[in-house]
Amino acid sequence: MQGEKYYSVRMRSAKEGSHEQGEKHISGGELLSTYNDIKHAVNALLEKGLTHSRGRPDFMQIQFECINDPIKLVNPLQVMTNEVESAGKGQALARKLLEQAGIPRKSIEKAYDQITEYSGIRGAIMLDIHSGERIDDRKEKGVRVSRMDWLDTNFEKWADHCQIPQNPRVKEALVLATKVSEHPATIAELCWSDDPDYITGYVASKKLGYRRITKLKEFGDEQGCRIFFVNGLEDLNSYIHYLEKQPVFVQWEEK
Ligand code: WAQ
Ligand code: MG
Ligand code: MG
Ligand code: MG
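Because the structure is predicted, anything quoted here is derived from the model rather than measured. (Residues numbered from 1 in each chain as written. Chains lettered and ligands numbered in written order. Predicted model: local features only at pLDDT ≥ 70, side-chain atom pairs only at ≥ 80, totals over all residues. Heavy atoms only, no water.)

### Topic: the overall build of the protein
Summing up its helical and strand segments, the protein has six helices and twelve strands in all. For 255 residues, the compact-globule estimate of 2.2 N^0.38 gives 18 Å, and the protein sits close to it at 18 Å. Taken along its principal axes, the extent of the C-alpha atoms in the protein is 50 × 50 × 40 Å. In the protein, which comprises 255 residues, the proportion classed as buried is 51%. Counting only contacts in the protein whose residues sit at least 6 apart along the sequence, the fraction spanning at least 24 positions is 70%. Counting only carbon and sulfur atoms, one obtains 47% of the accessible surface of the protein, whose full area is about 13,300 Å². Averaged over its 36 positive side-chain charges, the protein has a centre that lies 1 Å from the centre of its 39 negative ones. (Helix = DSSP H or I, 4+ residues; strand = E, 2+ residues; numbered from the N terminus. Rg over C-alpha atoms; globule rule 2.2 N^0.38 Å. Buried < 20%, exposed > 50% of the residue type's maximum accessible area, 1.4 Å probe, protein only. Contact = heavy atoms within 4.5 Å. Areas by Shrake-Rupley, 256 points an atom, 1.4 Å probe, with all protein chains shown as cover. Lys, Arg positive; Asp, Glu negative; His and termini not counted. Charge placed at Lys NZ, Arg CZ, Asp CG, Glu CD.)

Quick look at the structure:
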């Protein structure tokens, strides 16, 4: 990995929505690739965007760019799975975990009041943990975390060791959560998919690890959620710069 040049490869796909809604986000993806693997990477993202449960896209963009900054290596967050019987119980657990992560209950309630307003965006939103107010200025786009990945061989070794199925969705979400939680301003993340066929979500934080919750919504629901709860942000731009631009490889080291 050291010394080799890497490229950030990104995809987003969308379809025309109703007049009031503007375009509908279908899917996005980001990974890191060597030059020789770019064809493979582009193909994987193409496949992801073409066959998606949110619908058939009528727009897609795939781009790659060379990365010049050194790539930071980060250990994956520890994973725990909580089985729940219903979305209601799952959401109650999510709120409890957010509180355990250090977010005031009032701000959690405020976040939940805003959730439907922000679903349908293609990135994440940032909320201040003290006020519960949204602090990024990315409107209906949100902030898209990028330039992160996990080499397959290391991921497979980790999955074997932790007895976690080698599911690309889990890998993708854990890579993102690990990168986001590594920044000291991040207190916690709350996420569930906007894909109608995937109902497991998570709360993640440096302190709690990656806490999967098997049901956070009903099947068929296309409302997703991705919120970063942040604290003590003196410089919002440098935080967003870290999320979008700092290259990160998740790398598991057996202890
Ligand atoms: N940066 C910022 N926000 C993102 C990114 C990104 N790279 N990727 C997705 N989002 C936001 C965006 O608003 C999506 O609509 C929303 O998150 C959901 O994305 O079993 O699959 O890719 O352990 O649909 C979590 C549980 C699955 C996995 C989450 O999210 C498990 C998932 P999706
Ligand atoms: Mg997506
Ligand atoms: Mg995704
Ligand atoms: Mg999705």
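### Here we look at the pattern of salt bridges
A complete count under the given rule lists 21 salt bridges for this structure. Here E109 ties to R95 by a salt bridge, and the two come within 2.8 Å at their closest N and O atoms. Taken together, the residues E109 in helix α3 (residues 105–118) and R95 in helix α2 (residues 87–100) connect sequence positions 14 residues apart. When its relative accessible area of 34% is taken as the criterion, E109 is described as partly exposed. A residue is classified by how much of its surface remains accessible, and R95, at 28% relative accessible area, is partly exposed. Two residues, R138 and D137, come together in a salt bridge whose shortest N-O distance is 3.8 Å. In this structure R138 comes out as partly exposed when scored by relative accessible area, which is 27%. Each of the salt bridges in this network shares a partner with another, and the network as a whole consists of R10, E65 and R147. (Salt bridge = Lys/Arg side-chain N within 4 Å of Asp/Glu carboxyl O.)

### Focus: the packing of aromatic side chains
Counted by the stated rule, this structure contains seven aromatic pairs. Among the aromatic residues, those joined into a cluster by ring pairs are Y7, Y35 and F64. Positioned above the aromatic ring of Y198, the side-chain terminus of R169 is 4.1 Å from the ring centre. Lying over the aromatic face of Y242, K179 brings its terminal NZ or CZ to 5.4 Å of the ring centre. (Phe/Tyr/Trp six-rings, centres within 6.5 Å; stacked < 30°, edge-to-face > 60°. Lys NZ or Arg CZ within 6 Å of the ring centre and 35° of its normal.)

### As for the pairing of strand β1 (residues 7–15)
As judged from the nine bridges shared by β1 and strand β2 (residues 24–33), these two strands associate in the antiparallel manner. Bridge pairing in β2 places R10 opposite E30. Bridge count for β1 against strand β3 (residues 59–66) is eight bridges, and the pairing is antiparallel. Each residue of the ladder has a partner; that of Y7, found in β3, is C66. (Pairing = 2+ DSSP bridges.)

### Looking at the sheet that holds strand β9 (residues 201–205)
Pairing within the open sheet is mixed, and its six strands lie in the order β5-β10-β9-β8-β11-β6. Looking at the sheet topology across the chains shown, the edges are occupied by β5 (79–82) and β6 (125–128). Taking each pair of neighbouring strands and ignoring which way they run, the sheet shows an average axis angle of 20 degrees. Summarising the sheet, strand β8 (residues 186–192) and β9 pair through four bridges and their orientation is antiparallel. Among the inter-strand pairings, W192 is bridged to a residue of β9, identified as G201. (Axes fitted to C-alpha atoms, helices over the stretch in contact; angles between N-to-C directions.)

### What to know about the site of ligand 1
Near ligand 1 you find 23 residues, and of these G123, V145, S193, Y198 and Y210 are the closest. Between ligand 1 and E30, the relevant distance is 3.1 Å, taken from a nitrogen atom to a side-chain nitrogen or oxygen of the residue. A distance of 2.5 Å is found between an oxygen atom of ligand 1 and a side-chain nitrogen or oxygen belonging to Y198. For ligand 1, the accessible surface in isolation is 700 Å², of which the surrounding protein chains cover 94%. Counting residues per element, the ones that place at least two in the shell around ligand 1 are α5 (168–182), β8 and β10 (209–213). Of the residues forming the shell around ligand 1, the biggest block, four residues, is contributed by α5. For the shell around ligand 1, the residue count by class is twelve nonpolar, three polar and eight charged. (Near = heavy atom within 4 Å. Polar contact = N/O pair within 3.5 Å; in protein donor to acceptor, adjacent residues only side chain to side chain. Nonpolar A, V, L, I, M, F, W, Y, C, P; charged D, E, K, R; others polar.)

### Structural notes on the coordination of the magnesium ion (ligand 4)
At this site the magnesium ion (ligand 4) is bound by D194 (OD) and D195 (OD), with donor distances of 2.0 to 2.2 Å. Taken as a pair, the magnesium ion (ligand 4) and the magnesium ion (ligand 2) lie 3.5 Å from each other. (Donors = N, O, S within 2.8 Å, 3.2 Å for Na, K, Ca; no water.)

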